[in-house]
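Summary of structural features
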Amino acid sequence: MHRFGHSYDAAMDRYAYVLEQLHRDQFRRLRRFASAGPGRFTTWLVVVARRLCLDYHRRRYGRSRKPAVGRLDLSQAAVGVRRRLAELISEEIPLTAIVDYSTPDPEAAAQSSERADAVRAALRTLEPRDRVLLKLRFERELPAHAIADVLGFSTQFDVYRRLRVVLALLGKMLPRECLGTSS
């Protein structure tokens, strides 16, 4: 048990796992032991316990794999990262190295505000029925057949056609920066 975990708590976690697995299915594993062969029960139990500890280790940290021919061996680094994540152990990181994402980038905030203003201005130029259509589809996320019932379209396909026309119209009114495309 200590081979897989160097602390008392880690060994006890594995011990509890082994007991739990031996108890599963009404002691199925223990009942499998065949005393007819030359092996003793204690030897068999040690092998089973070791395999269960290995299963626990693989379930918690993943299986270590050998890299394919011609590939870099990143397995040791990946194993270390996964182990730190699983154990919630981190490296000492100075506070100055932690980036504060809670305050937005002023340039990004300005661009976002400009985009929102441009979209609002474009939406104000649409017919009221088209604004309701967009609101029902994109804010309330109603299906096309429900929108057809609310706005009096004959079929859901008429809703899709009108949405395509309205979105194309908005696309012509908005600057390219708002659409996320570059020239």
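Please refer to the structure placed before this passage.
The structure reproduced in this document is the subject of the present report.

Conventions adopted
Residues numbered from 1 in each chain as written. Predicted model: local features only at pLDDT ≥ 70, side-chain atom pairs only at ≥ 80, totals over all residues. Heavy atoms only, no water. Axes fitted to C-alpha atoms, helices over the stretch in contact; angles between N-to-C directions. Helix = DSSP H or I, 4+ residues; strand = E, 2+ residues; numbered from the N terminus. Parallel < 35°, antiparallel > 145°, perpendicular 65-115°, else oblique. Contact = heavy atoms within 4.5 Å. Nonpolar A, V, L, I, M, F, W, Y, C, P; charged D, E, K, R; others polar. Salt bridge = Lys/Arg side-chain N within 4 Å of Asp/Glu carboxyl O. Buried < 20%, exposed > 50% of the residue type's maximum accessible area, 1.4 Å probe, protein only. Core = buried A, V, L, I, M, F, W, Y, C linked by side-chain atoms within 4.5 Å. Expected span 1.5 Å × (residues − 1). Phe/Tyr/Trp six-rings, centres within 6.5 Å; stacked < 30°, edge-to-face > 60°. Lys NZ or Arg CZ within 6 Å of the ring centre and 35° of its normal. Polar contact = N/O pair within 3.5 Å; in protein donor to acceptor, adjacent residues only side chain to side chain.

**Details of the packing of helix α6 (residues 144-151) against helix α7 (residues 156-173)**
Pairs of packed helices are described in terms of their axes, by the angle between the two and the distance that separates them. In the contact formed by α6 and α7, the axes pass within 8 Å of each other and the chain directions differ by 90°. Considering the angle they form, α6 stands roughly perpendicular to α7. Side by side, α6 and α7 meet where Ala 144, His 145, Ile 147 and Ala 148 of the first sit next to Gln 156, Val 159 and Tyr 160 of the second. Of the residues that constitute the contact of α6 with α7, the class distribution is 5 nonpolar, 2 polar and no charged.

**Some points on unusual backbone geometry**
Here Gln 26, not a glycine, exhibits a phi torsion of approximately 55°, which is positive. Here Gln 26 shows up in helix α1 (residues 8-32). Although it is not a glycine, Glu 141 adopts a positive phi angle of roughly 55°.

**Details of the pattern of salt bridges**
A full pass over the atoms with the stated rule returns 5 salt bridges. A salt bridge links Arg 120 to Asp 117, with the nearest nitrogen and oxygen atoms 3.1 Å apart. You can see Arg 120 and its partner Asp 117 sitting in helix α4 (residues 106-124), 3 residues apart, about one turn around the helix. Of the charged contacts, one joins Arg 161 and Asp 158 as a salt bridge, the two residues approaching to 2.6 Å between their closest N and O atoms. Separated by 3 residues within a single helix, Arg 161 and Asp 158 lie in helix α7, roughly one turn from each other. With a relative accessible area of 46%, Arg 161 lands in the partly exposed category.

**Concerning the nonpolar core**
Within the largest apolar cluster, 16 residues are counted, with the highest numbers of intra-cluster contacts made by Leu 133, Leu 134, Ile 147, Leu 151, Phe 153 and Val 159. Put simply, the parts of the chain that give this core at least two residues each are α4, α5 (128-139), α6 and α7. If sequence neighbours within four positions are ignored, Leu 133 has contacts with Ile 147, Leu 151, Phe 153, Val 159, Arg 162, Leu 163 and Val 166. If you look at the next biggest cluster of nonpolar residues, it comprises 8 residues, including Leu 22, Val 48, Ala 49 and Tyr 56.

**Considering α5**
Between its first and last C-alpha atoms α5 spans 15 Å; for 12 residues at 1.5 Å apiece the expected length is 16 Å, and the two agree. Glu 141, located one to two residues past α5, shows a positive phi value of around 55°.

**So, the packing of aromatic side chains**
Per the stated rule, a full pass over the model turns up 4 aromatic pairs. Here the aromatic rings of Phe 33 and Phe 41 are separated by 5.3 Å at their centres, their planes lie at 80°, and the arrangement is edge-to-face. Ring geometry for Phe 33 versus Trp 44: centroids 5.4 Å apart, planes at 55°, classification tilted. Here Phe 33 is found in the loop between α1 and α2 (41-61), whereas its partner Trp 44 is found in helix α2, with 11 residues between them in sequence. For Phe 33, a relative accessible area of 22% corresponds to the partly exposed category. Aromatic ring contacts, followed pair by pair, group Phe 33, Phe 41 and Trp 44 into a single cluster. Seen from the ring of Phe 153, Arg 129 lies directly overhead, with NZ or CZ sitting 4.2 Å from the centre.

**Some words on the side chain of Asp 130**
Along the chain, Asp 130 falls in helix α5. A polar atom in the side chain of Asp 130 sits 2.6 Å from the side chain of Arg 162. Filtering out sequence-adjacent residues up to four positions away, Asp 130 remains in contact with Arg 162 and Val 166.

**Looking at α6**
Restricting attention to buried positions, one finds in α6 the residues Ala 144, Ala 146, Ile 147, Ala 148 and Leu 151. Phi turns positive one or two residues past the end of α6, at Gly 152, with a value near 80°.

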